[in-house]
Amino acid sequence: NIYSTRAAGGPLDALSLQSEIGEIGAADAVYYSRKSGTSMSAPHVSGIVALMLQANPSLDWRGVKQILQETSTNLTGRAPWE
């Protein structure tokens, strides 16, 4: 459930749009959309990893993974893997 920019001129799903208007307001719902899945989370995680490597270029993938796991927070009511 990540909000990101909606494609300009892309189709507006009326049902999703109504839900998003209720959550973020009519002015923003035309420009932003909420989606779930790896296609939405991958850019965020990639950005976090880029910032981590900028701060410490000597990190390898194991170090990155360890930091991500140790600093993440579980969401209430969700399984640890979610």
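Each value, and the rule that gives it
- Residues numbered from 1 in each chain as written.
- Predicted model: local features only at pLDDT ≥ 70, side-chain atom pairs only at ≥ 80, totals over all residues.
- Heavy atoms only, no water.
- Helix = DSSP H or I, 4+ residues; strand = E, 2+ residues; numbered from the N terminus.
- Rg over C-alpha atoms; globule rule 2.2 N^0.38 Å.
- Buried < 20%, exposed > 50% of the residue type's maximum accessible area, 1.4 Å probe, protein only.
- Contact = heavy atoms within 4.5 Å.
- Areas by Shrake-Rupley, 256 points an atom, 1.4 Å probe, with all protein chains shown as cover.
- Lys, Arg positive; Asp, Glu negative; His and termini not counted.
- Charge placed at Lys NZ, Arg CZ, Asp CG, Glu CD.
- Axes fitted to C-alpha atoms, helices over the stretch in contact; angles between N-to-C directions.
- Left-handed = near helix turned anticlockwise from the far one by under 90°.
- Polar contact = N/O pair within 3.5 Å; in protein donor to acceptor, adjacent residues only side chain to side chain.
- Patch = residues over 30% accessible without salt bridge, like charges linked within 9 Å, V, L, I, M, F, W, Y side chains within 5 Å.
- Salt bridge = Lys/Arg side-chain N within 4 Å of Asp/Glu carboxyl O.

Peer 1: Even after reading the chapter, I still don't get the overall build of the chain, so can you show me in this structure?
Peer 2: In terms of helices and strands, the chain carries 4 helices and 2 strands. Taking 2.2 N^0.38 as the reference for a compact globule, 82 residues should give roughly 12 Å; the C-alpha atoms of the chain span a radius of gyration of 17 Å, well beyond that estimate. A total of 82 residues make up the chain; the buried ones form 12% of that total. In the chain, once contacts between residues fewer than 6 apart in sequence are set aside, the share between residues at least 24 apart is 43%. As displayed, the chain has an accessible area near 6500 Å², and 59% of this comes from carbon and sulfur atoms. Distance between charge centroids for the chain: 5 Å, based on 6 positive and 7 negative side chains.

Peer 1: How should I be thinking about the packing of helix α3 (residues 38-55) against helix α4 (residues 61-71) in this particular structure?
Peer 2: Running from amino to carboxyl end, α3 crosses α4 at an angle of 115 degrees, the nearest separation of the two axes being 11 Å. Between α3 and α4 lies a crossing whose hand is right-handed. In this structure, α3 contributes V45, I48, V49, M52 and L53 to the contact, and α4 contributes V64, I67 and L68.

Peer 1: Mind showing me how you'd approach the side chain of S33 here?
Peer 2: Among the secondary structure elements, S33 is positioned in strand β2 (residues 32-35). With relative accessibility at 6%, the residue S33 sits in the buried group. A polar atom in the side chain of S33 sits 3.4 Å from the side chain of E20.

Peer 1: Could you clarify how one ought to interpret a nonpolar patch on the surface in this entry?
Peer 2: Taken together, the side chains of V30, Y31 and Y32 make up a nonpolar region of the molecular surface, amounting to roughly 310 Å² of accessible area. As for its position among the elements, Y32 is in strand β2. Here Y32 falls in the partly exposed class, since its relative accessible area comes to 36%.

Peer 1: Quick question: what am I supposed to make of the pattern of salt bridges here?
Peer 2: Opposite charge on two side chains permits pairing when their charged atoms draw close. Per the stated rule, a full pass over the model turns up 2 salt bridges. A salt bridge links R34 to E23; the shortest N-O distance between them is 2.5 Å. In this pair, R34 sits in strand β2 while E23 sits in helix α1 (residues 14-24), placing the two residues 11 residues apart along the sequence. The class for R34 is partly exposed, based on a relative accessible area of 28%. Residue E23 is classed as partly exposed on the basis of its relative accessible area, which comes to 43%. Here D60 and R62 are joined by a salt bridge, their closest N and O atoms 4.0 Å apart.

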